[in-house]
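Results of the structural survey
Below are the chains, spelled out letter by letter.
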Amino acid sequence: SSQHHKKDNNNRIRNLVFEKSHVFKELSKSLTTCFGLSSHAIIPDVYVRHVDDGNLVMIRVPRDVIDKVRTAVSYMKKLNNQRIAASILSVNGSARTARIATMREIRNREPKSEMTQMRLKILHNRLQAIRSME
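Residues numbered from 1 in each chain as written. Predicted model: local features only at pLDDT ≥ 70, side-chain atom pairs only at ≥ 80, totals over all residues. Heavy atoms only, no water.

**Looking at the nonpolar core**
Counting residues in hydrophobic clusters, the biggest one holds 11 residues: L27, L31, I42, I43, V46, V61, V65, V69, A72, V73 and M76. Secondary structure elements with two or more residues in this core: α1 (20-35) and α2 (66-75). Broken down by element, the residue count for this core peaks at 3 residues, all from α2. The residues touching V73, leaving out its near neighbours within four places in the chain, are L27, A86, S87 and I88. Counting residues in each nonpolar core, the second largest holds 8 residues, with L56, I106, L123 and I130 among its members. (Core = buried A, V, L, I, M, F, W, Y, C linked by side-chain atoms within 4.5 Å. Buried < 20%, exposed > 50% of the residue type's maximum accessible area, 1.4 Å probe, protein only. Helix = DSSP H or I, 4+ residues; strand = E, 2+ residues; numbered from the N terminus. Contact = heavy atoms within 4.5 Å.)

What follows is the structure, encoded as structure tokens:
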């Protein structure tokens, strides 16, 4: 699961948990909102491959529907009943280049520290596991 922190009205920090199923459900809703019945042909080909602690999600879709999925992602406003601002960071042609782009984005987002290196290693291991499932 991916945990995020948000302050509530009393400035207490609470954990937000995002699972692959949450992302898939909201993306499916967004596709249906944007494209109506034609989205039912797209949804079976959408795979949420990875969700991590740094607000990054890896989604696998066929090339011919990437523009529709990009549109649907941009219209996603909530995830697990929490407001979000979703955007596409990169589009890659293979799982390998997607993993490389994801690792690069994580490295760019976080300061270099021993803990960051450990998290990168854990994420790298998770991405390797995803690779083995393909």
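**Brief notes about the pairing of strand β3 (residues 47-51)**
Counting buried positions along β3 yields 4 of 5 residues, so the element is predominantly enclosed. By the bridge criterion, 4 bridges tie β3 to strand β4 (residues 57-60) in an arrangement that is antiparallel. Paired with Y47 across the strands is R60, a residue of β4. (Pairing = 2+ DSSP bridges.)

**Observations concerning the packing of α1 against α2**
As a packed pair, α1 and α2 sit with axes 8 Å apart at the nearest point and diverge in direction by 110 degrees. It follows from the interaxial angle that α1 and α2 lie roughly perpendicular. When α1 is examined against α2, the residues L27, S30, L31, C34 and F35 are found in contact with a partner set consisting of K68, V69, T71, A72, V73 and Y75. Residues of the contact of α1 with α2, tallied by class, amount to 8 nonpolar, 2 polar and 1 charged. (Axes fitted to C-alpha atoms, helices over the stretch in contact; angles between N-to-C directions. Parallel < 35°, antiparallel > 145°, perpendicular 65-115°, else oblique. Nonpolar A, V, L, I, M, F, W, Y, C, P; charged D, E, K, R; others polar.)

**Topic: the environment of G93**
Structurally, G93 is set in the loop between β6 (82-83) and α3 (95-109). Along the sequence, G93 and P62 sit 31 residues apart, while their C-alpha atoms lie 9.6 Å from each other.

**Quick look at the pattern of salt bridges**
Once the charged atoms of two side chains with opposite charge are near each other, the side chains can pair. Tallied over the full model, the rule gives 1 salt bridge. The salt bridge involving E26 is made with K29; its shortest N-O contact spans 3.5 Å. Within this pair, E26 and its partner K29 are both found in helix α1, separated by 3 residues, close to a single helical turn. Here E26 falls in the buried class, since its relative accessible area comes to 16%. (Salt bridge = Lys/Arg side-chain N within 4 Å of Asp/Glu carboxyl O.)

**Points about the packing of aromatic side chains**
Evaluated as defined, the whole model comprises 0 aromatic pairs. Sitting above the plane of the F35 ring, K68 keeps its charged end 5.4 Å from the centroid. (Phe/Tyr/Trp six-rings, centres within 6.5 Å; stacked < 30°, edge-to-face > 60°. Lys NZ or Arg CZ within 6 Å of the ring centre and 35° of its normal.)

**A look at the confidence of the model for the protein chain**
Residues of the protein chain with pLDDT of at least 70 account for 74%, and the chain-wide mean is 78. Element-level pLDDT for the protein chain is lowest in strand β1 (residues 2-7), with a mean of 48, against a maximum mean of 93 in α1. Confidence over residues 1-5 falls short of pLDDT 50; this stretch has 25 contacts with residues more than four positions distant or in other chains. Segment residues 10-14: pLDDT under 50, and 10 contacts once partners within four positions in sequence are set aside and those in other chains are kept. (pLDDT = per-residue confidence, 0-100.)

**As for the environment of K77**
Along the chain, the position of K77 falls in the loop between α2 and β5 (78-79). Taking relative accessible area as the criterion, K77 reaches 53% and is therefore assigned exposed. Between the alpha carbons of K77 and E26 there is a distance of 8.8 Å; along the sequence they are 51 residues apart. In contact with K77, not counting residues within four places along its chain, are Q82, R83 and I84.

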